[in-house]
Amino acid sequence: MSAENDEIEDSSAPLIEHLAELRTRLIRSVIAFLIAMIACFTVAEPILNFLAQPIAEVLRARGESPQLIFTAPQEKFFVLIRISVIFGIGLSFPVIAHQLWRFVAPGLYRSEKNAFLPFIVASPALFLLGAAFAHYVVTPLAMNFFIGFSDAIPALVNILSGQEPVGVVENQELRTVFLGSVRESLDLSLKFIFAFGLCFQLPVLLTLMGMAGLVSAEGLGNVRKYAVVGILVLAALVTPPDVITQVILFVVVYGLYEVSIQLVRVVERRREKRLRAEGVLDEDETL
């Protein structure tokens, strides 16, 4: 690629103009977020029902009433606000990313722009893939594991809810019942979504590091055993203490690690091809 085509765009504006540009981009991003948050608040109740669906399915399978409770008058309202904020960020992310790109793009070479654009698209796509995997696969398994510890019976639920008179049953063992809090149940579901969404960013992160020359495919392969230990520690930290969820997260993240090695290898081959075309490397030389 010629130097003329790879020049940085003319951006000789003084510092005050860059700050004014940054302010404009931030204002537009905040406005987009506020509009998205208000829009999400109008449908926050259906979103809450969607997020609580794995718990509801587990409870139905156990023959129990699919319901969650709130223990404070303001709890559900702030839960809906929290949902609006989180999903508002997600809904406004394309606008925010576009504003960020418009601010930093003038300072990038054209080849750098072409290299970064695929990752800007791939990153949210992989996050959504990880979030969907967490919601449809991991969360139901984890909820079934946790709720399985509560030996709830419909009769006890009816008594606690006031649908049946409370009576003394002789020789009746003490039983526990699951009465899920809206806030705590939502927190657990969102933790799964964010944990898997972030873990699915591994190919993007390692590929970018490979493009920058910070890692190599050979180096990643050589530290594979240390990566296994690190992924096991990560699985223990970001998931609740049940073996099934930790194993699932380990298998998925390790698979992404192996995919990342192949992506870095592709990046290295392209770099070698470009350097040979420019005459920097001989045909028999490698990086």
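What you are looking at is a predicted structure, and each value in this text was computed from that prediction instead of being measured. (Residues numbered from 1 in each chain as written. Predicted model: local features only at pLDDT ≥ 70, side-chain atom pairs only at ≥ 80, totals over all residues. Heavy atoms only, no water.)

This part covers the UniProt feature "transmembrane region" (unreviewed entry) in the protein chain. Here the UniProt-annotated "transmembrane region" (unreviewed entry) positions come out as residues 26-44, 77-96, 116-138, 192-214 and 247-267. For the annotated span residues 116-138, helix accounts for 100% and strand for 0% of the residues, and the straight-line distance between the end C-alpha atoms is 31 Å. Secondary structure within residues 247-267 divides into 100% helix and 0% strand; the distance between the first and last C-alpha atoms comes to 30 Å. (UniProt positions renumbered as here; feature names shortened; annotations may be inferred. Helix = DSSP H or I, 4+ residues; strand = E, 2+ residues; numbered from the N terminus.)

Bringing the packing of helix α2 (residues 44-51) against helix α4 (residues 75-104) into the picture now. In the contact formed by α2 and α4, the axes pass within 9 Å of each other and the chain directions differ by 90°. On the basis of the axis angle, α2 is roughly perpendicular to α4. Residues Ala 44, Glu 45, Ile 47, Leu 48 and Leu 51 of α2 lie in contact with α4, whose contacting residues are Lys 76, Val 79, Leu 80, Ile 83, Ser 84 and Phe 87. Counted by class, the contact of α2 with α4 contains eight nonpolar, one polar and two charged residues. (Axes fitted to C-alpha atoms, helices over the stretch in contact; angles between N-to-C directions. Parallel < 35°, antiparallel > 145°, perpendicular 65-115°, else oblique. Contact = heavy atoms within 4.5 Å. Nonpolar A, V, L, I, M, F, W, Y, C, P; charged D, E, K, R; others polar.)

This part takes up the pattern of salt bridges. By the definition in use, this model includes seven salt bridges. Note that Asp 187 is salt-bridged to Arg 82, the shortest N-O span being 2.0 Å. Of the two residues, Asp 187 sits in helix α7 (residues 182-199) while Arg 82 sits in helix α4, which places them 105 residues apart along the sequence. Taking relative accessible area as the criterion, Asp 187 reaches 16% and is therefore assigned buried. Between Arg 224 and Glu 258 there is a salt bridge, with its nearest N and O atoms 2.6 Å apart. With Arg 224 in helix α10 (residues 224-238) and Glu 258 in helix α11 (residues 243-277), this pair connects stretches of sequence that are 34 residues apart. Residue classification places Glu 258 among the partly exposed residues on the basis of a relative accessible area of 22%. Linked through salt bridges whose partners overlap, the residues forming this network are Arg 82, Arg 183, Glu 184 and Asp 187. (Salt bridge = Lys/Arg side-chain N within 4 Å of Asp/Glu carboxyl O. Buried < 20%, exposed > 50% of the residue type's maximum accessible area, 1.4 Å probe, protein only.)

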